[in-house]
Amino acid sequence: MSSHLLLVDDEAHNRKLLRMVLRQGDYTFSEAEDGRQALAILDQERVDLVLLDLMMPSPNGFDVIHAMRSNDRLRDIPVIVASASTAPDDVERSLSLGAADYFMKPLTEWDIRFQLPIKVRNAIGLTKASDERLKAERMKAVSAMAVALNHEINNPLQVIQGNAQLLYVNPGISPEAREKVQRIRQATETIAGLTHRIAALRDIVTVDYPAGNRTAVPMVNFKASSGGNGGTDEAGKGGAGGGAVTPAGAQERTAGGSGGSGGASGSGSPEDQTPNVG
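Residues numbered from 1 in each chain as written. Predicted model: local features only at pLDDT ≥ 70, side-chain atom pairs only at ≥ 80, totals over all residues. Heavy atoms only, no water.

Peer 1: I tried to follow the pattern of salt bridges on my own but got confused; where do I start?
Peer 2: Note that side chains of opposite charge can pair when their charged atoms are close. What the rule picks out here adds up to ten salt bridges. For the salt bridge of Arg19 with Glu31, the shortest nitrogen-to-oxygen distance reads 2.5 Å. Residue Arg19 is found in helix α1 (residues 12-21), and its partner Glu31 is found in strand β2 (residues 27-32); the two are separated by twelve residues along the sequence. Classification of Arg19 as partly exposed rests on a relative accessible area of 34%. (Salt bridge = Lys/Arg side-chain N within 4 Å of Asp/Glu carboxyl O. Helix = DSSP H or I, 4+ residues; strand = E, 2+ residues; numbered from the N terminus. Buried < 20%, exposed > 50% of the residue type's maximum accessible area, 1.4 Å probe, protein only.)

Peer 1: Looking at this structure, I do not really get the nonpolar core. What am I missing?
Peer 2: Nonpolar side chains in soluble globular proteins tend to be buried together. Core analysis: the largest hydrophobic core is formed by 22 residues, its most contacted members being Leu6, Val8, Leu42, Val50, Leu52 and Met68. Within the residue set of this core, elements represented by two or more residues are β1 (3-8), α2 (35-44), β3 (49-52), α3 (61-69) and β4 (79-83). Here the element with the most residues in this core is α3; it accounts for four residues. In contact with Val8, not counting residues within four places along its chain, are Ala32, Asp34, Ala38, Val50, Leu51, Leu52, Asp53 and Met56. (Core = buried A, V, L, I, M, F, W, Y, C linked by side-chain atoms within 4.5 Å. Contact = heavy atoms within 4.5 Å.)

Peer 1: Got a minute to help me understand the side chain of Asp48 in this structure?
Peer 2: Mapped onto the secondary structure, Asp48 falls in the loop between α2 and β3. Polar side-chain contacts of Asp48 include one of 2.7 Å to the backbone nitrogen of His4. (Polar contact = N/O pair within 3.5 Å; in protein donor to acceptor, adjacent residues only side chain to side chain.)

Peer 1: Explanation requested: the pairing of β1 in the structure shown.
Peer 2: Side chains on a regular strand alternate between the two faces of the sheet. In terms of residue burial, β1 counts as a mostly covered element, since six of its six residues are buried. Across the two faces of β1 the burial is the same, with Ser3, Leu5 and Leu7 and His4, Leu6 and Val8 all buried. Here six bridges tie β1 to β2, and the two strands are oriented parallel to one another. Within β2, the residue paired with Leu6 across the bridge is Ser30. Once you follow β1 into α1 and on to β2, the crossover reads as right-handed. Across four bridges, β1 lies against β3 in parallel orientation. Residue pairing for β3: Leu7 is matched across the bridge by Leu51. (Pairing = 2+ DSSP bridges. Right-handed = clockwise from strand over helix to strand, strands pointing away.)

Peer 1: Mind showing me how you'd approach the packing of aromatic side chains here?
Peer 2: Any aromatic ring pair is given by two values, namely how distant the centres are and how the planes are angled relative to each other. Within the structure shown, the criterion is met by one aromatic pair. Taken together, a centroid distance of 4.8 Å and an interplanar angle of 45 degrees make the contact between Trp110 and Phe114 tilted. In this pair, Trp110 and Phe114 both sit in helix α5 (residues 109-169), four residues apart, roughly one turn of the helix. You can call Phe114 partly exposed: its relative accessible area is 33%. Here the basic side chain of Arg178 rests over the ring of Tyr168, its NZ or CZ set 5.8 Å away from the ring centre. (Phe/Tyr/Trp six-rings, centres within 6.5 Å; stacked < 30°, edge-to-face > 60°. Lys NZ or Arg CZ within 6 Å of the ring centre and 35° of its normal.)

This is the structure we're talking about:
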């Protein structure tokens, strides 16, 4: 995916120069001629990096950096300042506010050919790497929570399975009631299959799954998350993303009892079933 850059300068020829300098990169551009317009674009568009002039009508470049760093959604977007100001105080203030780098205009040939393109690429790459690291840490926390909840679910689940089994083999139960008990047993087998797969998780791997108005939502790929063995059942066959649990797929893959734990498959007569009360 192309990275989107916001060029902020009150001089049109400076913005044009920045476009030319960065034209070889995989970038798309938005332009703003003052700080107010820049903040409006940042509020409406996804921006990966801001190239910012300091000396603009209010709000100036310093105000823009301060506003970005005060906004939870914008604070991590890297800012590279390109300004005609050579004052050491301006350089120090820009960097102290959170700018990633500072270039003095007019840009030299060295800046145009090497410095600016490399530093833009590195700033974007560093931010993306930080985002991936944060995502990985969150996934580890989710994995740990899933395993803990899994243990809490298993105990009452085994009680339900055992008692449903006893009811199912009871010779005095009516056919209508036995059918309803069988539905309970099938539902518990579905849940048991999912708990087995959660228990097999090593590192959570997600795949994008189309959903409604949104382009995609992340769904857990159990096969990849459990080290490629797909857990204890064959539910990965026919599932989205090679074993990803989708809103409809989870029920379909376990309806036949392939992911069950401790429960019967639901076939045969009641007398053939052996009670399992855990």
